[in-house]
Amino acid sequence: QVQLVESGGGLVQAGGSLRLSCAASRRTFPTLVAWFRQAPGKEREFLASILWRGGNTAYSDSVKDRVTISRNYLNSTTYLQMNNLGPEDTAVYYCASGPGRGVYTTWGQGTQVTVST
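A quick note: this is a predicted structure, and the numbers were derived from the prediction, not measured. (Residues numbered from 1 in each chain as written. Predicted model: local features only at pLDDT ≥ 70, side-chain atom pairs only at ≥ 80, totals over all residues. Heavy atoms only, no water.)

**Considering the environment of Arg-101**
Now for step 1: Mapped onto the elements of the fold, Arg-101 is located in the loop between β9 (91-98) and β10 (106-107).
Now for step 2: With 70 residues separating them along the chain, Arg-101 and Thr-31 place their C-alpha atoms 9.5 Å apart. (Helix = DSSP H or I, 4+ residues; strand = E, 2+ residues; numbered from the N terminus.)

**Thoughts on the state of the cysteines**
Now for step 1: According to the stated counting rule, one finds one disulfide in the structure shown.
Now for step 2: What pairs with Cys-22 in a disulfide is Cys-95, and their sulfur atoms sit 2.0 Å apart. Judged by the torsion about the S-S bond (65 degrees), the Cys-22/Cys-95 disulfide is right-handed. Of this pair, Cys-22 sits in strand β3 (residues 18-24) while Cys-95 sits in strand β9, and the two are 73 residues apart along the sequence. Pair check on accessibility: Cys-22 and Cys-95 agree, each one buried. (Disulfide = S-S within 2.5 Å. Buried < 20%, exposed > 50% of the residue type's maximum accessible area, 1.4 Å probe, protein only.)

**Considerations on unusual backbone geometry**
Now for step 1: At Ser-76, a position not held by glycine, the phi torsion is positive, near 55 degrees.
Now for step 2: The exposure class of Ser-76 is buried, given its relative accessible area of 4%.
Now for step 3: Despite not being glycine, Arg-101 has its phi angle at roughly 55 degrees, a positive value.
Now for step 4: Residue Arg-101 is classed as exposed on the basis of its relative accessible area, which comes to 87%.

**What to know about the sheet that holds strand β8 (residues 77-82)**
Now for step 1: Overall, antiparallel pairing links the four strands, which are arranged β1-β3-β8-β7 in an open sheet. Bordering the open sheet on either side are β1 (4-7) and β7 (67-72), each of which pairs with just one other strand. Put simply, the sheet's adjacent strands are angled 15 degrees from each other on average, direction ignored.
Now for step 2: Pairing analysis gives four bridges linking β1 to β3, with the strands arranged antiparallel. Bridge pairing links Glu-6 to Cys-22 in β3. (Pairing = 2+ DSSP bridges. Axes fitted to C-alpha atoms, helices over the stretch in contact; angles between N-to-C directions.)

**Digging into the packing of aromatic side chains**
Now for step 1: In total, this model carries five aromatic pairs according to the counting rule given.
Now for step 2: Here the aromatic rings of Phe-36 and Trp-107 are separated by 4.9 Å at their centres, their planes lie at 45 degrees, and the arrangement is tilted. Residue Phe-36 is located in strand β4 (residues 32-38), and its partner Trp-107 is located in strand β10; the two are separated by 71 residues in the primary sequence.
Now for step 3: You can call Phe-36 buried: its relative accessible area is 9%.
Now for step 4: Residue Trp-107 is classed as partly exposed on the basis of its relative accessible area, which comes to 30%.
Now for step 5: Seen in terms of ring centroids, Tyr-104 and Trp-107 are 6.1 Å apart; in terms of plane orientation they differ by 65 degrees. Their pairing is edge-to-face.
Now for step 6: Above the face of the Tyr-79 ring, Arg-19 is positioned so that its terminal group lies 4.1 Å from the ring centre. (Phe/Tyr/Trp six-rings, centres within 6.5 Å; stacked < 30°, edge-to-face > 60°. Lys NZ or Arg CZ within 6 Å of the ring centre and 35° of its normal.)

**What about the nonpolar core?**
Now for step 1: Counting 25 residues, the largest nonpolar core has Leu-20, Trp-35, Leu-80, Met-82, Tyr-93 and Val-113 as its most contacted members.
Now for step 2: Elements that contribute at least two residues to this core include exactly β3, β4, β5 (45-51), β7, β8, β9 and β11 (111-116).
Now for step 3: The leading source of residues in this core is β3, at four residues.
Now for step 4: Counting five residues, the second largest nonpolar core, distinct from the first, contains Leu-32, Ala-34, Phe-36 and Tyr-104. (Core = buried A, V, L, I, M, F, W, Y, C linked by side-chain atoms within 4.5 Å.)

Okay, here's the thing in structure tokens:
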């Protein structure tokens, strides 16, 4: 079973940037990889997705001007670049992969992002 491991979270000041990574435990070729986040007391929120082979991307309207999703085909790693962070971006960020059509079968353990004012 492939595992996903997120990294790159931490404490950042408002206005700063972070790049999150999602590494697969072995070389894998999922159809779709996505990033989500969940803030305390809120529902999980979709942020962005990328088709593994074609590289087509999709973004939530709430973050599309500030985030970029990308993947490295050779090391099976997906990235989420986040810019101009604000306190509202404080959450646990998860990556997930799956066969597409909104179905995600594998989830990472999450990485905490905290934005301070």
